[in-house]
Amino acid sequence: MLKVELKNTAGQVIGEVELNESIFGIEPNMSAVHSYVKAYLANQRQGTQSALTRAQVRGGGIKPWRQKGTGNARHGSTRSPQWRHGGVVFAPKPRDYRMSVNKKVKRLALKSVLSDKAANGEIIVLDGIELEAAKTREMVAILRNLGTANALIVLPEKDESVKRAAANIQKVNTTLVGTLNPYEILKHTTLILTKAALEKVEEVYEG
């Protein structure tokens, strides 16, 4: 039975909560994680890079010098790749880098990353996050109490106060249960979930 301490924002242990073993206690499948991360990063690429080939560079229509007798190498155009202002060899062109991963692999990758975090003691569950004001210093104080400076905070629903308070802190991000993804979890040392967010994760991803 997997259990983790339940803390408050002061860093005090006020109880413990049980983690669903089908989500937080599986054997991590690194192949699924690799497939997901590779696809995720590929899908972030805009694919708008473009350069001109020798056929597309303006000018170069006239032969720079006669074929023989000058002592120079033969050239037919000043827009060949070896010339300054020439075209690019195998020039990159706009393309779609998108890769798809099926739902089962996505779910397995997420469970694998969550299980790895749980096994390494890198999950913190809070009874809730209530801020007096959406101030960065308040979030910094909470993170200091929890003993982490690199964290992904998972919320059950939108909370502008928490989001704004964490926005200017390096290596700290917020996300919702519905947009939780393995890559973001891997980027951060600690995963912080509110109790409500944990219940929602287990409700959504169980099975």
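Residues numbered from 1 in each chain as written. Predicted model: local features only at pLDDT ≥ 70, side-chain atom pairs only at ≥ 80, totals over all residues. Heavy atoms only, no water.

**Things to note about the packing of helix α3 (residues 103–119) against helix α7 (residues 195–205)**
Link 1 in the chain: With their axes 12 Å apart at the nearest point, α3 and α7 run at an angle of 145° to one another. Crossing hand, α3 versus α7: left-handed. Of the residues in α7, those in contact with R107, L110, K111 and L114 of α3 are V201, V204 and Y205.
Link 2 in the chain: Partitioned by chemical class, the residues of the contact of α3 with α7 number five nonpolar, no polar and two charged. (Axes fitted to C-alpha atoms, helices over the stretch in contact; angles between N-to-C directions. Helix = DSSP H or I, 4+ residues; strand = E, 2+ residues; numbered from the N terminus. Left-handed = near helix turned anticlockwise from the far one by under 90°. Contact = heavy atoms within 4.5 Å. Nonpolar A, V, L, I, M, F, W, Y, C, P; charged D, E, K, R; others polar.)

**Details of the pairing of strand β4 (residues 151–155)**
Link 1 in the chain: Across the five residues of β4, five count as buried, placing the element largely inside the fold.
Link 2 in the chain: Along β4, one buried face is formed by A151, I153 and L155 and the opposite face, lined by L152 and V154, is buried too.
Link 3 in the chain: Bridge analysis of β4 against strand β5 (residues 172–176) gives five bridges, and the strand direction is parallel. Across the sheet, residue L152 finds its bridge partner in β5, namely N173.
Link 4 in the chain: Once you follow β4 into helix α5 (residues 160–167) and on to β5, the crossover reads as right-handed.
Link 5 in the chain: As defined by bridge partners, β4 adjoins strand β6 (residues 190–194) across four bridges and the pair is classed as parallel. By the bridge assignment, V154 is partnered in β6 with L193. (Buried < 20%, exposed > 50% of the residue type's maximum accessible area, 1.4 Å probe, protein only. Pairing = 2+ DSSP bridges. Right-handed = clockwise from strand over helix to strand, strands pointing away.)

**A word on the sheet that holds strand β2 (residues 13–19)**
Link 1 in the chain: As summarised here, the arrangement of the six strands in space is β2-β1-β3-β6-β4-β5, forming an open sheet in which the pairing is mixed. Single-partner strands in this sheet number two, and they are β2 and β5. Strand-to-strand twist in this sheet, taken as the mean axis angle between neighbours without regard to direction, amounts to 30°.
Link 2 in the chain: Across the sheet, α3 touches β2, β3 (123–126) and β6, and the angle it forms with β3 is around 90°.

**A word on the confidence of the model for the chain**
Link 1 in the chain: Scored by pLDDT, the chain has a mean of 94; 100% of the residues are at 70 or more.
Link 2 in the chain: Of all secondary-structure elements in the chain, the lowest mean pLDDT belongs to strand β1 (residues 2–7), at 91, while helix α2 (residues 30–43) reaches the highest, 96. (pLDDT = per-residue confidence, 0-100.)

**Let's talk about the pattern of salt bridges**
Link 1 in the chain: Enumeration over the complete set of coordinates arrives at two salt bridges.
Link 2 in the chain: The partner of E16 in a salt bridge is K3, and the shortest N-O contact between them spans 3.3 Å. Pair noted here: E16 is in strand β2 and K3 is in strand β1, with a separation of 13 residues, a long-range link.
Link 3 in the chain: On the accessibility criterion, E16 (52% relative accessible area) is exposed.
Link 4 in the chain: In this structure, E122 and K117 form a salt bridge, with 3.2 Å as the shortest nitrogen-oxygen distance.
Link 5 in the chain: On the accessibility criterion, E122 (23% relative accessible area) is partly exposed.
Link 6 in the chain: Overall, K117 belongs to the buried group, its relative accessible area being 6%. (Salt bridge = Lys/Arg side-chain N within 4 Å of Asp/Glu carboxyl O.)

**Quick notes on the environment of L6**
Link 1 in the chain: Position of L6 among the secondary structure elements: in strand β1.
Link 2 in the chain: Looking at L6, the relative accessible area reads 9%, which means it is buried.
Link 3 in the chain: When the C-alpha atoms of L6 and A51 are compared, they prove to be 55 Å apart, with 45 residues separating the residues in sequence.
Link 4 in the chain: Ignoring any residue separated from it by four or fewer positions in sequence, one finds L6 in contact with Q12, V13, I14, G15, E16, V17, V125, L126, D127 and K195.

**Description of the side chain of N150**
Link 1 in the chain: Looking at the secondary structure, you find N150 in the loop between α4 (136–146) and β4.
Link 2 in the chain: N150 sits in the buried class, given a relative accessible area of 17%.
Link 3 in the chain: With residues up to four places along the chain from it excluded, the contact list for N150 reads K171, K187, H188, T189 and T190.

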